[in-house]
Amino acid sequence: MTKDTSRILDLGTGNGHMLFSLQDEEWSGPLLGVDYSETSVRLARQIGLQRGEEGAAVRFEEWDILNQQPGQWLEDGFDAVLDKGTFDAISLSSETDQQGRRICETYRDRITPLIRPGHFFIITSCNWTRDELLNWFVAADGQLEFFDEAKYPIFTFGGHQGQSVCTLIFKRRPDGH
């Protein structure tokens with residue numbers, strides 16, 4: 001991945017802070033933030049204008065990943081798909097789909113096609129452990145495989161070690177399957 005050509009998608013972008021931080025670190029490839037909240041998208045766009053980034057490589061679009069088909073801006077896939085709490089929020093819902101599955105059970109199937117073959121899905125969670133995230137995202141179909149993880153300070157409580165945040169990186173198989 002290179003800073004000037006990599007396509008990055010931020011799921012549940014909120015106010016766009018992550019993408020603006022990437023721009024501040026000189027990422028100039030196409031950056032897209034999506035959120036189901038029209039208000040969040042409007043705010044992110046407004047912040048972008050205030051930062052003087054009209055027409056810059058960062059865009060924001062309203063999109064409900066669980067209930068809408070991807071727009072044309074999602075067609076080519078992304079080199080990195082970022083999730084910093086979106087899956088956490090979705091997994092708190094008791095809502096079910098037409099097959100009676102909790103909506104969080106469809107999340108992996110919805111995000112995988114957004115990731116270019118051979119590229120990355122990066123998820124940060126405060127609700128799930130490393131092993132639980134591995135169970136959610138490494139499936140029998142083998143489309144996503146564990147690649148790496150971020151290291152955070154470890155604490156001990158009740159004789160068990162852990163960390164308060166978990167960030168895992170998954171790679172979509174190069175053959176796209």
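Keep in mind that what you see is a predicted model, and the values were worked out from it rather than measured.

Caption draft 1: Looking closely at helix α1 (residues 17-24). Taken as a whole, α1 has its buried residues at Leu19, Phe20, Leu22 and Gln23. Axial view of α1: buried residues confined to an arc of 155°, hence all on one face. Every exposed residue of α1 that faces more than 90 degrees away from the buried side is listed here: His17 and Asp24. Packed against the buried residues of α1 are β1 (8-11), β2 (31-35), α2 (38-50), β3 (58-62) and β4 (78-84). Backbone geometry just downstream of α1 places Glu26 in the positive-phi region, at approximately 75°.

Caption draft 2: Focus on the pairing of strand β9 (residues 166-172). Counting buried positions over the seven residues of β9 gives five, a clear majority of the element. Direction of pairing for strand β5 (residues 115-125) relative to β9: antiparallel, over a ladder of six bridges. Paired with Phe121 across the bridge in β9 is Phe170.

Caption draft 3: A look at the nonpolar core. Counting residues in each nonpolar core, the largest one holds 28 residues, and the members touching the most others are Leu9, Leu11, Ile65, Tyr107, Ile111, Phe121 and Phe137. Of all the secondary-structure elements, those providing two or more residues to this core are β1, β2, β4, α3 (86-91), α4 (107-111), β5, α5 (130-137) and β9. Filtering out sequence-adjacent residues up to four positions away, Phe137 remains in contact with Phe87, Tyr107, Arg108, Ile111, Phe121, Ile123, Leu144 and Phe170. Of all hydrophobic cores here, the second largest spans twelve residues; its members include Ile8, Leu22, Val41 and Ala44.

Procedures and definitions
Residues numbered from 1 in each chain as written. Predicted model: local features only at pLDDT ≥ 70, side-chain atom pairs only at ≥ 80, totals over all residues. Heavy atoms only, no water. Buried < 20%, exposed > 50% of the residue type's maximum accessible area, 1.4 Å probe, protein only. Helix = DSSP H or I, 4+ residues; strand = E, 2+ residues; numbered from the N terminus. Arc of directions from axis to C-beta. Contact = heavy atoms within 4.5 Å. Pairing = 2+ DSSP bridges. Core = buried A, V, L, I, M, F, W, Y, C linked by side-chain atoms within 4.5 Å.

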